[in-house]
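Architecture and fold: a report
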Amino acid sequence: MGAGCKGGKWSRRRVCLSLILVTVSPSPTYAASIPATGSEKWVVSGRSSPVANPAATVRFGNARFTILTDRLVRMEWAEDRQFEDRASLVFVNRNLPVPDYTQLAQDGALEIRTACLFLHYRPQGNGAFTADSLHVNVTCGSPRPEWRPGQTDDANLLGTTRTLDGSDGIKLREPMEPGLVSRSGWALVDDTGRPVFDRDFPVQKTSSASPLTWPWAIAPRSGPRQDLYFFGYGHDYKRALGDFTQVAGKIPLPPKSVFGVWWSRYWSYSDQELLALTDDFAQHSLPLDVMVLDMDWHLNQDQLAARGLKDLSGHKLGWTGYSWNRLLFPDPSGFLQRLHDSGVKVSLNLHPASGVQKWEDAYSDVKATLGLSAGQESYVPFAPTDQHYVDAYFSLLHRPLEKQGVDFWWLDWQQENKTALPGLNPTWWLNYLHFMEQEAEGIRPLIFHRWGGLGNHRYQIGFSGDTKSDWASLAFQPWFTATAANVGYAYWSHDIGGHAPGAVEPELYTRWIQFGILSPIFRTHTTKNPDAERRVWAYPEPYADVMQDALRQRALLFPYLYTEARQTYENGVAFLHPLYYEWPEQDDAYSTKGEYVFGSQMIAAPITAPVDPMTGLAEKTVWVPPGEWIEQCSGALLNGPQLRVKHYTLEQIPVLMRAGAIIPERKAATGEGSNTKSVLALNIWPLRAGQRSDYEVYDDTGEGLTYQTGQYTRLPVEVVRGGGPQKKDRLHIVIGPEKSGRLTGKQRTALAHSVTDLRSYEIRLPADLPPVSVSVNGHSLNFTVRKNVAGWRYDGNTLTTIIPVPPTDVAKSVVVDVIRDVAPVATKEGRDGFAGRLSLLRASYAALAPFERFLHAPDALVAALQTGDRMSYCPSCAIDELGQFKRESREASEALRAHADLLHKAIETNERALFYGVNKHNPQAMSARASELRKALAKALAVMKEVDQF
């Protein structure tokens with residue numbers, strides 16, 4: 001019977017503890033064969049511990065129940081009544097604030113009630129949990145299910161899988177694992193038999209960085225037992241995941257470079273080729289943040305085979321390697337330094353399964369360190385569960401390379417799925433070991449590997465494996481990436497363009513690139529195929545331009561991505577997650593699988609299917625959630641919920657911005673404008689009348705672990721629409737002052753020297769009318785058409801007001817007031833979707849290019865197309881221009897149809913100007929040109945039809 005249970009009466013516990021919940025850092029430690037000594041103890045700050053507060057536990061016979069939250073309960077049964085208090089691979093912190101609960105034990109049964117759960121247990125026989133002896137009811141929220149042991153859940157929303165190797169769309173080689181959320185309202189994690197750690201996780205350590213002192217996985221207690229975690233969160237999915245990270249460890253914040261542009265390709269590159277590639281990125285004004293070197297950085301299969309060598313472990317020759325290929329990299333340290341000088345981080349591919357073969361540079365040192373004599377083994381077998389091997393593995397094989405300049409490792413494990421410890425798979429364990437090794441070195445950990453299973457959310461980031469290069473793979477990845485949030489796995493990195501066979505058509509690669517820039521990680525890759533091109537500038541137009549613009553957009557988004565990643569760390573919810581987290585009662589939020597939430601301000605629905613060859617437009621069904629939204633590419637003002645079928649040009653990506661969304665960006669993708677310490681752009685999307693919107697831009701050093709202890713800044717941005725003069729519309733914007741996190745005295749002193757820094761801003765107000773007046777800190781700004789000149793500008797094509805703010809002390813506020821005219825109805829209608837209509841008009845105009853030698857495009861089409869340009873020069877004309885834009889669009893459509901009649905006749909009569917350069921005596925050539933012209937004309941008309949229906 002549990003403590004506090006007297007005479008069958010209700011015993012109510014209310015415990016109010018003031019606890020500091022310290023981040024449970026996923027730091028692996030190896031101590032399988034070495035017991036901890038006094039000098040190897042870890043100092044754990046705060047109250048983070050795998051041992052629950054005794055006030056949260058209730059023992060009843062052979063069972064123990066731990067009330068972790070009002071919706072999460074641990075249920076243990078042990079025949080020997082010996083319960084497990086050590087951290088498991090998944091659950092590392094059970095010492096949470098004790099929720100209110102009551103317990104009642106009478107007539108041989110136990111009942112526990114929290115605010116949201118009712119648990120009833122009546123042991124039978126040895127007391128093991130069965131459907132007859134135990135049930136839990138969810139009593140708050142919606143739905144309110146009842147669960148019993150052995151119950152299946154067909155409504156589980158799934159989690160993720162180890163790898164997409166060999167997958168083709170939804171056809172997976174390895175099945176999806178269950179998630180922590182379900183439409184049924186409950187989820188269960190069975191922790192029975194899972195390995196445990198031999199000591200608590202560290203938050204601070206005393207000195208040693210050796211794996212001999214790290215927490216090490218060992219076998220759990222033997223004998224009949226059950227260890228279950230019941231999640232009864234109904235459809236409050238975000239709270240379920242947030243609470244999961246309280247007991248299972250935080251999702252770490254990756255280093256800043258992770259959110260940039262990665263280059264990866266399986267190819268036998270030399271140092272010269274890679275440095276030249278880096279220069280190519282710079283020459284095209286494209287960002288490059290991470291360079292990944294595949295297997296040929298070390299001695300490869302051909303080189304080893306030519307020397308008559310064999311892999312004595314039985315694995316593929318040349319996959320494992322720790323010795324530089326000096327033919328390709330004569331001076332590794334110099335090469336790595338040159339990449340670092342260009343601002344590029346470096347990752348090396350690693351397949352450790354073959355152990356240490358005798359040709360490795362460190363072979364003799366490893367053998368000597370492990371005490372292996374020359375006559376024992378001709379190679380050192382890979383032994384990841386042996387602490388002494390792991391100690392040598394890091395100290396002799398990895399750290400010397402890291403000292404040369406290797407920033408992190410691509411753990412490309414594709415071999416066995418077992419280790420010497422039952423229940424411990426090598427993918428999970430390698431993730432843990434490498435993450436811990438970096439953390440022990442005091443740097444911000446970063447690994448790059450496949451998913452190892454539940455609990456691996458603590459060891460980011462993920463490599464999804466070798467997918468096929470086809471449309472099916474692309475179409476699957478948005479859903480797959482979002483669904484991984486259901487187990488806290490926030491940072492999948494996919495092979496953009498697919499892995500095999502690697503060669504992709506330009507359109508497919510363009511659309512993959514577009515999905516990539518709206519993914520957690522942007523990384524191109526392919527197998528070793530000379531036809532598999534991944535340099536975006538090497539493709540034909542218009543694809544090259546579209547892809548290069550996309551890479552720049554990715555770089556611009558960095559402040560937003562990094563801020564949202566910080567939120568992921570704090571609240572346990574991946575910033576890229578399914579729609580149903582926000583709208584759990586909307587069926588369309590579940591069925592619209594190619595669409596996802598991308599941070600707190602936007603929703604993305606990337607194109608994953610080819611264009612219609614007739615129109616050059618791609619169809620996409622986008623679900624608009626409840627509320628008010630603005631489509632980024634078109635400026636369309638939308639109200640949800642609704643399903644919207646629209647057609648998009650190659651340049652367009654369907655993205656919905658919340659009304660009042662605030663998106664921080666770099667001012668430029670590269671160069672001085674990319675330094676957000678000195679200049680920051682703020683995109684503020686249209687607000688509803690009377691609406692208030694706010695956002696905090698997060699920043700830190702980008703390296704090390706100090707982000708966990710308060711060394712960061714937040715820049716508040718607040719915007720209010722309303723309160724202007726009569727018949728005017730006012731937008732009031734306040735930026736700053738910049739705030740610091742929780743700091744020690746020394747940290748606060750250091751920050752005090754930085755808060756006098758100056759930062760300039762560029763405020764952008766897209767998809768809206770131009771102002772009649774602008775003031776910054778009370779000083780009026782004039783309109784100008786020139787860049788780099790004091791004054792506000794207007795981009796009429798996107799209806800964007802651009803307001804520069806001169807360098808300002810970040811410790812002070814910046815106040816910007818924008819006054820606009822109240823628009824008449826016709827102007828509002830013209831503004832709605834203006835940029836989208838222009839894109840379609842532009843596409844229709846471009847389709848007429850083959851006819852230019854014979855007949856210019858209709859003036860009415862050109863006039864409509866130039867509307868935005870005219871407003872750029874004359875913002876005060878915008879109300880009139882937008883008021884008549886719908887009429888001008890209709891006139892352009894009518895003019896094009898009349899134009900088309902003339903062009904059709906000219907084609908049929910073989911008008912010479914249309915067949916310029918074609919041999920008129922060659923019927924085949926004439927027929928081919930006529931076919932091309934008919935297709936171009938049909939495309940112009942079809943696209944214009946989209947304008948009519950917009």
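Residues numbered from 1 in each chain as written. Predicted model: local features only at pLDDT ≥ 70, side-chain atom pairs only at ≥ 80, totals over all residues. Heavy atoms only, no water.

**Observations regarding the confidence of the model for the protein**
- A residue-level look at the protein finds 92% of positions with pLDDT of 70 or above and a mean pLDDT of 91.
- Counting contacts from residues 203-207, a segment whose pLDDT is below 50, to residues more than four positions away or on other chains yields 13 contacts.
- Here residues 748-755 scores under 50 on pLDDT; set against residues more than four positions off or in separate chains, the count is eight contacts. (pLDDT = per-residue confidence, 0-100. Contact = heavy atoms within 4.5 Å.)

**A word on the sheet that holds strand E39 (residues 793-795)**
- Read across the sheet, five strands follow the order E30-E31-E36-E40-E39 without closing on themselves; strand pairing throughout is mixed. The two strands at the open ends of the sheet, each matched to only one other strand, are strand E30 (662-665) and E39. Strand-to-strand twist in this sheet, taken as the mean axis angle between neighbours without regard to direction, amounts to 25 degrees.
- Sheet topology places E39 next to strand E40 (residues 800-809); three bridges connect them, and they run antiparallel. Residue pairing for E40: Tyr 794 is matched across the bridge by Thr 801. (Pairing = 2+ DSSP bridges. Helix = DSSP H or I, 4+ residues; strand = E, 2+ residues; numbered from the N terminus. Axes fitted to C-alpha atoms, helices over the stretch in contact; angles between N-to-C directions.)

**Considerations on the sheet that holds strand E27 (residues 618-631)**
- On the basis of which strands lie adjacent, the open sheet formed by six strands has the order E24-E25-E26-E29-E27-E28 and antiparallel pairing. Both edges of this open sheet fall to strand E24 (576-577) and strand E28 (637-648), since each of them pairs with a single strand only.
- Note that E24 and strand E25 (residues 596-598) share two bridges and pair antiparallel. Note that in E25 the partner of His 577 across the bridge is Val 597.

**Thoughts on the packing of helix H19 (residues 885-908) against helix H20 (residues 923-949)**
- Where H19 contacts H20, the axes come no closer than 10 Å and their chain directions differ by 165 degrees. By the angle between their axes, H19 is roughly antiparallel relative to H20. The hand of the H19/H20 crossing is left-handed. Contacts from Ser 889, Ala 892, Ser 893, Leu 896, Arg 897, Ala 900, Leu 903, His 904, Ile 907 and Glu 908 in H19 reach Ala 930, Leu 933, Arg 934, Leu 937, Ala 940, Leu 941, Met 944, Val 947 and Asp 948 in H20.
- For the contact of H19 with H20, the residue count by class is 12 nonpolar, three polar and four charged. (Parallel < 35°, antiparallel > 145°, perpendicular 65-115°, else oblique. Left-handed = near helix turned anticlockwise from the far one by under 90°. Nonpolar A, V, L, I, M, F, W, Y, C, P; charged D, E, K, R; others polar.)

**Comments concerning the pattern of salt bridges**
- Enumeration according to the criterion identifies 46 salt bridges in this entry.
- Residues Arg 239 and Asp 70 are paired through a salt bridge, measuring 2.5 Å at the closest nitrogen-oxygen approach. Highlighted residues: Arg 239 in helix H1 (residues 237-248) and Asp 70 in the loop between strand E4 (63-67) and strand E5 (72-78), separated in sequence by 169 residues.
- Arg 239 gets classed as partly exposed once you look at its relative accessible area, which sits at 30%.
- Asp 70 gets classed as buried once you look at its relative accessible area, which sits at 15%.
- Close ionic contact of Glu 174 with Arg 162 constitutes a salt bridge, the shortest N to O distance being 3.2 Å. Of this pair, Glu 174 sits in the loop between strand E10 (146-147) and strand E11 (187-190) while Arg 162 is found in the loop between E10 and E11, placing the two residues 12 residues apart along the sequence.
- Put simply, Arg 64, Arg 74, Glu 76, Asp 85 and Asp 227 are held in one network by salt bridges that share partners. (Salt bridge = Lys/Arg side-chain N within 4 Å of Asp/Glu carboxyl O. Buried < 20%, exposed > 50% of the residue type's maximum accessible area, 1.4 Å probe, protein only.)

**Looking at the state of the cysteines**
- What the rule picks out here adds up to two disulfides.
- With its sulfur 1.9 Å from that of its partner, Cys 116 forms a disulfide with Cys 140. Between Cys 116 and Cys 140, the S-S torsion sits near 105 degrees, and that sign places the bridge as right-handed. With a gap of 24 residues between them, Cys 116 in the loop between strand E7 (109-113) and strand E8 (117-121) and Cys 140 in the loop between strand E9 (134-138) and E10 connect regions that are remote in the sequence. (Disulfide = S-S within 2.5 Å.)

**Things to note about unusual backbone geometry**
- In this chain, Glu 541 is followed by Pro 542 through a cis amide linkage whose omega measures 5 degrees.
- A positive phi angle is found at Asn 777, which is not glycine, with a value near 50 degrees.
- By the element assignment, Asn 777 lies in the loop between strand E37 (773-776) and strand E38 (779-781).
- Take Asn 777: its relative accessible area is 35%, and that puts it in the partly exposed class.
- Phi angles above zero are rare outside glycine, and Leu 799 is one such case at about 55 degrees.
- Its place among the elements puts Leu 799 in the loop between E39 and E40.

**What to know about the nonpolar core**
- Counting residues in hydrophobic clusters, the biggest one holds 238 residues, and the most contacted among them are Phe 231, Leu 293, Phe 598 and Ile 803.
- Of all the elements, H20 adds the most residues to this core, at nine residues.
- Each of domain 1 (659-822) and domain 2 (827-949) contributes no fewer than three residues to this core.
- In this structure, Ile 803 is in contact with Tyr 761, Glu 762, Ile 763, Leu 765, Val 774, Val 776, Leu 781, Trp 792, Val 816 and Val 818, ignoring residues within four places of it in sequence. (Core = buried A, V, L, I, M, F, W, Y, C linked by side-chain atoms within 4.5 Å. Domains from an automatic or database assignment.)

**Topic: the pairing of E4**
- When you tally the buried positions in E4, you get five out of five residues, the bulk of the element.
- A two-sided burial pattern is seen for E4, the buried positions comprising Ala 63, Phe 65 and Ile 67 on one face and Arg 64 and Thr 66 on the other.
- Two strands pair when backbone bridges link them, and strand E3 (residues 57-60) and E4 are joined in this way by four bridges, in the antiparallel orientation. Looking at E4, one finds that Val 58 is bridged to Phe 65.
- One ladder, built from five bridges, connects E4 with E5; its direction is antiparallel. By the bridge assignment for E5, Thr 66 is matched with Arg 74.
- Here E4 folds back onto E5 in antiparallel fashion, the turn holding four residues.

**Topic: a nonpolar patch on the surface**
- Taken together, Phe 783, Val 785 and Tyr 873 make up a surface patch of nonpolar side chains, about 310 Å² in accessible area.
- Mapped onto the secondary structure, Phe 783 falls in the loop between E38 and E39.
- According to the relative accessible area criterion, Phe 783 is partly exposed, its value standing at 31%. (Patch = residues over 30% accessible without salt bridge, like charges linked within 9 Å, V, L, I, M, F, W, Y side chains within 5 Å. Areas by Shrake-Rupley, 256 points an atom, 1.4 Å probe, with all protein chains shown as cover.)

**Some remarks on the packing of aromatic side chains**
- Tallied over the entire structure, the rule returns 60 aromatic pairs.
- With a centroid separation of 5.4 Å and an interplanar angle of 45 degrees, the aromatic rings of Tyr 698 and Tyr 712 are classed as tilted. Residue Tyr 698 is located in strand E32 (residues 692-699), and its partner Tyr 712 is located in the loop between E32 and strand E33 (713-721); the two are separated by 14 residues in the primary sequence.
- For Tyr 698, a relative accessible area of 2% corresponds to the buried category.
- Taking the relative accessible area as the measure of exposure, Tyr 712 reaches 10% and is therefore buried.
- Taken together, Phe 259, Tyr 491, Phe 515, Phe 558, Tyr 562, Phe 575, Tyr 596, Phe 598, Tyr 698 and Tyr 712 form an aromatic cluster joined through their ring pairs.
- The residue whose ring lies beneath Lys 250 is Tyr 569, and the NZ or CZ to ring-centre distance is 5.3 Å.
- Over the ring of Tyr 916 we find Arg 853, and its NZ or CZ is 3.6 Å from the ring centre. (Phe/Tyr/Trp six-rings, centres within 6.5 Å; stacked < 30°, edge-to-face > 60°. Lys NZ or Arg CZ within 6 Å of the ring centre and 35° of its normal.)

**Thoughts on the domain arrangement of the protein**
- Here the protein is described as being made up of domain 1 (659-822) and domain 2 (827-949).
- When each unit is reduced to the centre of its C-alpha atoms, the spacing between domain 1 and domain 2 is 39 Å.
- On the domain 2 side, the residues contacting the 15 residues of domain 1 number 15 residues.
- For the pair domain 1 and domain 2, the two sides together bury roughly 1,100 Å², of which 68% comes from carbon and sulfur.
- Our enumeration of links across domain 1 and domain 2 arrives at one salt bridge.
- Arg 831 is paired through a salt bridge with Asp 768; the nearest N and O atoms lie 3.7 Å apart.
- Our count for the contact surface shared by domain 1 and domain 2 stands at three residue pairs in polar contact (both at pLDDT 80 or more).
- Of the residues assigned to the side of domain 1 that touches domain 2, the class counts are nine nonpolar, three polar and three charged. (Buried area = accessible area lost by both parts, 1.4 Å probe. Polar contact = N/O pair within 3.5 Å; in protein donor to acceptor, adjacent residues only side chain to side chain.)

**As for the environment of Ser 378**
- Within the secondary structure layout, Ser 378 lies in the loop between helix H5 (363-369) and helix H6 (387-404).
- Residues Ser 378 and Glu 946, spaced 568 residues apart in sequence, show a C-alpha to C-alpha distance of 71 Å.
- Not counting chain neighbours up to four residues away, the residues in contact with Ser 378 comprise Leu 312, Lys 358 and Tyr 363.

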